[in-house]
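The residues making up each chain are set out below.
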Amino acid sequence: MDIRRATTPAEVAAAEHLFDHPVRPEWAERFLGTGGHHLLVAYVDGEPVGFVSGVETVHPDKGAEMFLYELGVAGPYRRRGIGRALVLRLDALGRRLGCYGMWVLVDTDNDVALATYRSAGGKDDGSCSVITWEFG
């Protein structure tokens, strides 16, 4: 397995089957071109089989932390350590960039994701609720 940072919309499009929805080139370009946005892709035999996206969030009194935005691994490649490896790579990137920590939101019934995040050193602090707003 090889993990590389995506740097072009074409690389993102090649991994489209890993995302929830079709990749829009203009959104891929915007994501990749925005400072603090990171997309790491895992490859097996040259084929994209997983990804993790992260966004550095910065606050005036806290500094920077890494938000693990999304993790996806193709069905046939799950439970092979690919998700864990992607999370650990994002963790290492955040540390190199000077982030003081990393966080992720996950559904409480998503046992696979919870196991992946815990196996990569994450801990559930049990103190969050998610409040959302829908725009349009």
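Structure shown above.
Each value, and the rule that gives it
Residues numbered from 1 in each chain as written. Predicted model: local features only at pLDDT ≥ 70, side-chain atom pairs only at ≥ 80, totals over all residues. Heavy atoms only, no water. Salt bridge = Lys/Arg side-chain N within 4 Å of Asp/Glu carboxyl O. Buried < 20%, exposed > 50% of the residue type's maximum accessible area, 1.4 Å probe, protein only. Axes fitted to C-alpha atoms, helices over the stretch in contact; angles between N-to-C directions. Helix = DSSP H or I, 4+ residues; strand = E, 2+ residues; numbered from the N terminus. Parallel < 35°, antiparallel > 145°, perpendicular 65-115°, else oblique. Left-handed = near helix turned anticlockwise from the far one by under 90°. Contact = heavy atoms within 4.5 Å. Nonpolar A, V, L, I, M, F, W, Y, C, P; charged D, E, K, R; others polar. Expected span 1.5 Å × (residues − 1). Patch = residues over 30% accessible without salt bridge, like charges linked within 9 Å, V, L, I, M, F, W, Y side chains within 5 Å. Areas by Shrake-Rupley, 256 points an atom, 1.4 Å probe, with all protein chains shown as cover. Polar contact = N/O pair within 3.5 Å; in protein donor to acceptor, adjacent residues only side chain to side chain.

A.B. asks: Help me understand the pattern of salt bridges, please; the structure alone is not making it clear to me.
C.D. replies: Any two side chains of opposite charge can pair, given that their charged atoms come close. Inspection of the entire model under this criterion finds 5 salt bridges. The shortest N-O distance in the salt bridge between Asp61 and Lys62 comes to 3.2 Å. Note on Asp61: relative accessible area 57%, which makes it exposed.

A.B. asks: Help me understand the packing of helix H3 (residues 82-96) against helix H4 (residues 111-119), please; the structure alone is not making it clear to me.
C.D. replies: Two numbers describe a pair of packed helices, the interaxial angle and the distance between the axes. The interhelical angle for the contact between H3 and H4, taken along N-to-C directions, is 50°, at an axis separation of 9 Å. Accordingly, the angle class assigned to the pair H3 and H4 is oblique. Two packed elements cross with a definite hand, and for H3 against H4 that hand is right-handed. Where H3 abuts H4, its residues Gly83, Arg84 and Val87 lie against Thr116, Tyr117 and Ser119. Partitioning the contact of H3 with H4 into residue classes produces 2 nonpolar, 3 polar and 1 charged.

A.B. asks: How should H3 be read in this particular structure?
C.D. replies: Structural remark: α-helix, 3.6 residues per turn; residues separated by three or four positions point the same way. The terminal C-alpha atoms of H3, which comprises 15 residues, lie 21 Å apart, in line with the 21 Å expected from a rise of 1.5 Å per residue. For H3, the secondary structure elements touched by its buried residues are strand S1 (2-5), strand S2 (37-44), strand S3 (47-59), strand S4 (63-73), strand S5 (102-103) and H4. Within two residues after H3, Gly98 carries a phi angle of roughly 85°, on the positive side.

A.B. asks: Looking at this structure, how should I read a nonpolar patch on the surface?
C.D. replies: A contiguous nonpolar surface patch, about 280 Å² in accessible area, is contributed by Trp103, Leu105 and Val130. Tracing the backbone through its elements, the reader meets Trp103 in strand S5. Trp103 gets classed as partly exposed once you look at its relative accessible area, which sits at 32%.

A.B. asks: Looking at this structure, I do not really get the side chain of His38. What am I missing?
C.D. replies: For His38, the position within the fold is in strand S2. The class of His38 is buried, set by a relative accessible area of 4%. Polar contacts involving the side chain of His38 include one to the side chain of Arg5, which spans 3.0 Å.

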